[in-house]
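So you can see what is in the structure, the chains are spelled out below.
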Amino acid sequence: MPELPEVETIARGLATRVIGDVIESVWLGQKPEPLKSPAAEIARTLEGSRIRAVHRMGKHIVFDLERPKTSKRRKAETDDNSSAQWIVHLGMSGRLQVSETNAEVVKHTHAILKLKSGLELRFVDPRRFGRLSVATTGNFDAGGVEPLEVELEKFTALFRGRKGPIKSALLNQKLLRGVGNIYADESLFRAGIRPRRRVNTISREQLRRLYLAVREVLTEAIALGGSSISDYVDADGEEGFFQLKHRVYGREGDPCLVCKTPIKRIVIAGRSSHYCPKCQR
DNA sequence: ACTATTTCCTGGATGC
DNA sequence: TGCATCCAGGAAATAG
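Residues numbered from 1 in each chain as written. Chains lettered and ligands numbered in written order. Predicted model: local features only at pLDDT ≥ 70, side-chain atom pairs only at ≥ 80, totals over all residues. Heavy atoms only, no water.

A. Broad picture of the pairing of strand β6 (residues 109-115). Within β6, six of the seven residues are buried, leaving the element largely enclosed by the surrounding structure. Where strand β1 (residues 23-28) lies against β6, five bridges are found, and the strand directions are antiparallel. Note on β6: the bridge partner recorded for Val 26 is Leu 113. Here β6 runs beside strand β7 (residues 119-124); their pairing, made up of five bridges, is antiparallel. Across the sheet, Ile 112 pairs through a bridge with Arg 122, a residue of β7. (Buried < 20%, exposed > 50% of the residue type's maximum accessible area, 1.4 Å probe, protein only. Helix = DSSP H or I, 4+ residues; strand = E, 2+ residues; numbered from the N terminus. Pairing = 2+ DSSP bridges.)

B. Examining the packing of aromatic side chains more closely. Going through the model one piece at a time under the given rule, you end up with three aromatic pairs. Ring geometry for Phe 63 and Trp 86: centres 4.7 Å apart, planes at 35 degrees, overall tilted. Of this pair, Phe 63 sits in strand β3 (residues 60-66) while Trp 86 sits in strand β4 (residues 83-89); the two residues are 23 residues apart in sequence, bridging distant segments of the chain. Taking the relative accessible area as the measure of exposure, Phe 63 reaches 0% and is therefore buried. The exposure class assigned to Trp 86 is buried, which follows from its relative accessible area of 1%. (Phe/Tyr/Trp six-rings, centres within 6.5 Å; stacked < 30°, edge-to-face > 60°.)

C. The pairing of strand β8 (residues 131-135), seen in detail. Of all five residues that make up β8, four are buried, and the element is covered over most of its length. Relative to β8, β4 is paired through five bridges, and the arrangement is antiparallel. Residue pairing for β8: His 89 is matched across the bridge by Arg 131.

D. Expanded view of the protein's contact with DNA strand B. As a structural note, the neighbourhood of DNA strand B is formed by Lys 107, His 108, Pro 126, Arg 127, Arg 128, Phe 129, Arg 162, Lys 163, Gly 164, Pro 165 and Arg 198. Sugar and phosphate atoms form 68% of the subset of DNA strand B atoms that lie within 4 Å of the protein. In the model, a phosphate oxygen of DNA strand B is placed 2.5 Å from a nitrogen or oxygen of the Arg 128 side chain. Take Lys 163: an N or O atom from its main chain is 2.7 Å from a phosphate oxygen of DNA strand B. Per-class residue counts for the surface near DNA strand B are three nonpolar, two polar and six charged. (Near = heavy atom within 4 Å. Polar contact = N/O pair within 3.5 Å; in protein donor to acceptor, adjacent residues only side chain to side chain. Nonpolar A, V, L, I, M, F, W, Y, C, P; charged D, E, K, R; others polar.)

E. Fine view of the sheet that holds β7. Strands sit in the order β1-β6-β7-β5 across an open sheet of four strands; the sheet is antiparallel. Unpaired on one side and paired on the other, β1 and β5 (95-100) mark the two borders of the sheet. Each neighbouring strand pair of the sheet contributes to a mean axis angle of 20 degrees, computed without reference to strand direction. Relative to the sheet, helix α1 (residues 4-18) contacts β5, β6 and β7, its axis offset from that of β5 by approximately 25 degrees. (Axes fitted to C-alpha atoms, helices over the stretch in contact; angles between N-to-C directions. Contact = heavy atoms within 4.5 Å.)

Printed below as a string of structure tokens:
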């Protein structure tokens, strides 16, 4: 469930702790590993690299790496070869923890990076929906556009020619990246649009409201450190507080905060979707 | 070219 | 108390 605001919070927290540090060695867990790249390639790319930056792209955490200079002679234009990226997708239950070496290695730890500072960066993921990969080219592209960067015109264009429910389109990472189930529901509530509404029946004005709602919800959620439901905590082990601001998500049967009508829950594309039948049309 | 459905996975909650 | 069943969800794969 980490979505854009939670991933942003985690990436910021990690940045303050590991930027400038050097990855000395990498341990990757046993057989069914949550890896997208081959284990050997991940280890080879990470080991010896310096962490230059940590940022978020959609729901991915991206570590920009500077690979060690080889002692061998290199061609003139090898600048590109010195950069690479480590990409972490937390899935549902993934966590990245900065730990002391002597800290207990908890169950479901799938990767441990030993850093030069003496700290360890550990990837823990009970449900194993998370994924680790490397981009040796250093130009990873998550696809889709950033909701907080895209302009209204481009946002509107994303939905052109689509017929499915607006909720499904919002969750489609190839269109908009970073919005997940919670923020899709919260955005649709603020925009006054039912999750099942077909994209091609939504007016230009309503799309503009949706655009503003998505940005508003994500911005507020980032400011509050994300939503802590189930066991989400950020890189410092701190909980977020946006769950206290949820107006529909997880509020099935509770009165709408605007009109007191009980919030409904339906299933769209296998996802529970919450909305107010009176405020949203 | 889209859209809908299924699959992966485990811990916590619920039911009998 | 104990055991079975259900549910949560992102994204990839599969099917239509």
